[in-house]
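For reference, the chains in residue letters:
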Amino acid sequence: MTNLSQNTPQMRLDFESLPTAAITLSAAQITQAVELSSKIKNSSQQWQIYIHALALCAFEEWLAERANSLTINRERCTTFQPVLAKAIAAVANLYVGKFKVCLISTGSLTDDQIYLPQAVVDLPEYIPHFYVWVEVLEEEDAALISGFLSYQQLREYQKKVNLQSTEDWNYQIPASWFENNADRLLLYLRCLEPETIALPSKNENTQILSTIQNDLLALLPQLQSPGTELWQVLTWEQGKVVLTHPELLNWIDNLQQQTHTSLVSDSLKDLLKLLTEPALNVGRWLWDELDELAEEFSWRLLPSLTPTAAMRSATEEFPAIINELQQRGLEIPPIARGAYQDFLLTAIPLRLYAVTWHLLAESEPNLWTLLLILGTASHTALPAHLKLRVSDQTGVLVERGINPQQGDSYLFTRVVGNWDEKFLVSVTLTDGVEVNLPPFTFSFRR
């Protein structure tokens, strides 16, 4: 969707004069736009983000000059989130007070058709109360707030003319649909309540993602070329799921920058599982509790790490393993709690111990850690070619294999994440046989 109103960048004709309402862009604003766009490697997307950044600067200045009591919140603005800025050709999710605003940039004073990205018209995550048309005259270092259109008005026009999207996921609408008295926008922003322009609610699309995940496994790797757009590979039904999952957009961005450190298929498969499958809450282990999912998968809580005289059966080896890891320099606090699960991989009985605790760091108080120890339930050496893989939503974090010469009895690894992070653990053999366990998450909620 590299669409800057499909008029990138048209030259202003000689007979066009710069309106008195034009906003002159300062050198600092232009530098800021250059710095923002320079983070993007693809040249056409770089230009798109540059123009959008100029439009944002101009809109902020226009608003400050005319209504300095209105505050702008950029925190969720797509322009400052590179993967969204590249995927959505607009300045979406900008807030003015309680109103959601979307800036649509064009490059000529003679435009009579405006292109709205389908994402900001059809996806509740990005639909604004107001679309604001900003003409960016890059060569003149100026911009003009040319009009605005409420979402409600757009819907009325859309129904009246049965507006259909284009093949590249845009709506082409007449510029005349925009009200050209931009000062009325200020009046609405000051006096209206956001509820007067009803916005659609977000849809729960996890189920849809589950349904199409096999399609995405086949299609998303085809976006490897930075010049390939989502609409060239996906249907809109598939695309809207991707556009509402920034994790998938991040995965595509990493693919195009070739920063995936493992097999592309593994990292995508793991990400889709993390996004669609329920997770075990290991935070409840600290309360000596298992959640329903852990019980369903037959996880068993272990005693605290302080040795007791009553240790029996499978739990007898756990303190010994922990003691060995501590002797290797791994610090495991007494508050840590563990559980284990036995499972089969091609009839091989395996046992996974998981140990967790909350990291008490003043600088980052919301960190938790997960220590994983993979062995056999029969206390024998692990089979050759066995690998333990741990992924999060950014990709494969670690993959451990055994050393056949040493005849390892255990594989272990440790990962650290924020409270909103999940980890997926996979155990594989080289012939493609694999077991995925439910993702792990951490919350103190009971």
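These remarks concern the structure in this document. None of these values were measured; they are calculated from a predicted model.

1. Section: the packing of helix α10 (residues 246-256) against helix α11 (residues 264-276)
Contact geometry for α10 and α11: axes closest at 11 Å, N-to-C directions at 170°. In terms of their interaxial angle, α10 and α11 are classed as roughly antiparallel. Where α10 abuts α11, its residues Glu247, Leu248, Trp251 and Leu255 lie against Val264, Ser267, Leu268, Leu271, Leu272 and Leu275. Split by residue class, the contact of α10 with α11 holds 8 nonpolar, 1 polar and 1 charged.

2. Structural notes on unusual backbone geometry
Phi at serine 298 is positive, roughly 60°, even though this residue is not glycine. With respect to the helices, strands and loops of the structure, serine 298 is situated in the loop between α12 (292-296) and β10 (300-301). Judged by relative accessible area, serine 298 falls into the partly exposed class, the value being 47%. One non-glycine residue with positive phi stands out, namely threonine 346, at about 45°. By secondary structure assignment, the location of threonine 346 is in the loop between β11 (337-345) and β12 (348-359). Since its relative accessible area comes to 45%, threonine 346 is described here as partly exposed.

3. Regarding the sheet that holds β10
Taken in spatial order, the 5 strands make up an open sheet running β10-β11-β12-β13-β16, and their pairing is antiparallel. Lying at the two open borders of the sheet, with one neighbouring strand each, are β10 and β16 (411-418). The strands that helix α13 (residues 317-327) touches are β12, β13 (367-376) and β16; relative to β12, the one it contacts most, it runs at about 60°.

4. So, helix α1 (residues 27-37)
Turning to α1, its buried residues number three or more, namely Gln29, Ile30, Ala33, Leu36 and Ser37. Down the axis of α1, the sector holding all buried residues measures 125°, keeping them to one side. Exposed residues lying more than 90 degrees from the buried face of α1 are Ala27 and Ala28. Each element contacted by the buried residues of α1 is listed here: β1 (23-24) and α2 (43-66).

5. Structural notes on the nonpolar core
Counting 90 residues, the largest nonpolar core has Phe59, Leu116, Tyr131, Ile173, Leu220 and Leu248 as its most contacted members. Apart from the residues within four sequence positions on either side, leucine 220 is in contact with Leu234, Val242, Leu248, Trp251, Ile252, Leu255 and Leu268. Within the second largest apolar cluster, 33 residues are counted, among which are Leu293, Ala339, Leu411 and Val425.

6. Considering the pairing of strand β6 (residues 130-137)
β6 sits mainly inside the fold: 8 of its 8 residues count as buried. Here β6 shows a buried face lined by Phe130, Val132, Val134 and Val136 and a second buried face lined by Tyr131, Trp133, Glu135 and Leu137. Note: strand β4 (residues 99-106) against β6, 6 bridges, orientation parallel. Paired with cysteine 102 across the bridge in β6 is tyrosine 131. As defined by bridge partners, β6 adjoins strand β7 (residues 142-150) across 8 bridges and the pair is classed as antiparallel. Along β7, the bridge assignment pairs leucine 137 with alanine 142. Taken together, β6 and the strand that follows it, β7, pair antiparallel across an intervening segment of 4 residues, in which aspartate 141 is found at a positive phi of about 50°.

7. Considerations on the packing of α1 against α2
Following both chains from N to C, one finds α1 and α2 inclined at 145°, their axes separated by 8 Å at the closest point. In terms of crossing hand, the pair formed by α1 and α2 is right-handed. Residues Gln29, Ile30, Gln32, Ala33, Val34, Leu36 and Ser37 of α1 form the contact with α2, whose participating residues are Gln46, Ile49, Tyr50, Ala53, Leu54, Cys57 and Glu61. A breakdown of the residues in the contact of α1 with α2 according to their chemical character gives 9 nonpolar, 4 polar and 1 charged.

Calculation rules
- Counting from 1, residues in each chain are numbered in the order their sequence is written.
- Predicted model: local features are reported for residues with pLDDT of at least 70 only, side-chain atom pairs are reported and counted for 80 or more only, and whole-chain, interface and lining totals are derived from all residues.
- Calculation of side-chain values draws on the structure's entire complement of heavy atoms; hydrogens and water are dropped beforehand.
- To get an axis, fit a line to the C-alpha atoms, keeping to the stretch in contact for a helix; angles then go from 0 to 180 degrees between the N-to-C directions.
- Per the convention used, a helix needs a DSSP run of H or I reaching at least four residues, while a strand needs a run of E reaching at least two, with both numbered from the N terminus.
- Throughout, the term roughly parallel applies to angles under 35 degrees, roughly antiparallel to angles over 145, roughly perpendicular to angles from 65 to 115, and oblique to all others.
- Contacts were defined at the residue level, with two residues in contact if any of their heavy atoms lie within 4.5 Å.
- Gly falls in the polar group here, along with every residue not listed as nonpolar (Ala, Val, Leu, Ile, Met, Phe, Trp, Tyr, Cys, Pro) or charged (Asp, Glu, Lys, Arg).
- Think of it in three bands: residues with accessible area under 20% of the maximum for their type are buried, residues over 50% are exposed, and the middle band is partly exposed, with areas taken using a 1.4 Å probe on protein chains only.
- A pair of strands is considered paired only if DSSP assigns at least 2 bridges between the two.
- To be clear, the arc concerns the directions from the helix axis to the C-beta atoms.
- Each nonpolar core is a collection of buried residues, namely Ala, Val, Leu, Ile, Met, Phe, Trp, Tyr and Cys, held together in the definition by side-chain atoms within 4.5 Å.
- Handedness of a crossing is defined here by the sense of rotation of the near helix relative to the far one, left-handed for an anticlockwise turn of less than a right angle and right-handed for a clockwise turn.

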